[in-house]
Amino acid sequence: MLEMNKETALVVFSGGQDSTTCLYWAIRQFKEVYALSFIYGQKHQNEVEIAREIAKEAGVRFDVMDVSFIGKLGQNSLTNPSIEMDQAKPDDSFPNTFVPGRNLFFLSIAAVYARERKINHLVTGVSQTDFSGYPDCRDAFIKSLNVTLNLAMDEQFVIHTPLMWIDKCETWALADELGVLDLVKNRTLTCYNGIPGDGCGHCPSCKLRREGYEKYMMLKYVAEKR
């Protein structure tokens, strides 16, 4: 077993609202932070360059892994341009923006990457509160995978999920507390159509993001008026 560095963390980093908030959360929690992005066949690959720019500005080490095979394994609207995106979650299945196995692969690869650098803290922005029907964003999955990774590599990884039990409004509040509200609002890429900042405004991701932002700003306005 490698001697792991307990003061270093690796953030699974897409350059979106959630992972950027987690990046700055990790910077506050750990002495050294790495950020790892993935190319998985997504239509909006400009997220990787946005992630690179944010990581550089934040002063963290940044790397990219090409795992394009993930996008070829299943049919979904984020990697297949011919599939029209679901605008809402179907009643009887996952939304077609669900990329099967994405978080499973990302975290497994991140764990191997971390192990080789003697890092045992992994950070991911998944949330069960706003999980959009994606099973690999649930707390039970993360806990199960954490055990599996530890057994698979005989290490003691700790997967941190700062957003697991908070909604988008509370995620905006956390970004504000961390001093990066404007950065998250104006420079991250959450939009499924690949438009940075406020995005396209009509895809499911943009709607969820906007609703959370408007709710938070209203609560903040009321609090400041008291």
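Refer to the structure printed above.
To keep things clear, this report deals only with the structure shown in the data block.

Calculation notes
- Residues numbered from 1 in each chain as written.
- Predicted model: local features only at pLDDT ≥ 70, side-chain atom pairs only at ≥ 80, totals over all residues.
- Heavy atoms only, no water.
- Salt bridge = Lys/Arg side-chain N within 4 Å of Asp/Glu carboxyl O.
- Buried < 20%, exposed > 50% of the residue type's maximum accessible area, 1.4 Å probe, protein only.
- Helix = DSSP H or I, 4+ residues; strand = E, 2+ residues; numbered from the N terminus.
- Phe/Tyr/Trp six-rings, centres within 6.5 Å; stacked < 30°, edge-to-face > 60°.

1. Brief notes about the pattern of salt bridges
One pass over the structure, following the stated rule, counts 12 salt bridges. Ionic pairing is found between Arg115 and Glu116, a salt bridge with its closest N-O pair at 2.9 Å. Take Glu116: its relative accessible area is 53%, and that puts it in the exposed class. With a shortest N-O distance of 2.6 Å, Lys143 and Asp139 are connected by a salt bridge. One end of the pair, Lys143, and the other, Asp139, are both in helix α5 (residues 139-153), four residues apart, so they sit about a helical turn from each other. Overall, Asp139 belongs to the buried group, its relative accessible area being 14%. Taken together, the shared-partner salt bridges connect Arg115, Glu116 and Glu155 into one network.

2. Concerning the packing of aromatic side chains
Summed over the entire model, instances satisfying the criterion amount to five aromatic pairs. With a centroid separation of 5.5 Å and an interplanar angle of 65 degrees, the aromatic rings of Tyr40 and Phe106 are classed as edge-to-face. Linking Tyr40 in the loop between β2 (32-39) and α2 (46-58) with Phe106 in helix α4 (residues 102-116), this pair joins segments that are 66 residues apart in sequence. Given a relative accessible area of 3%, Tyr40 falls into the buried group.

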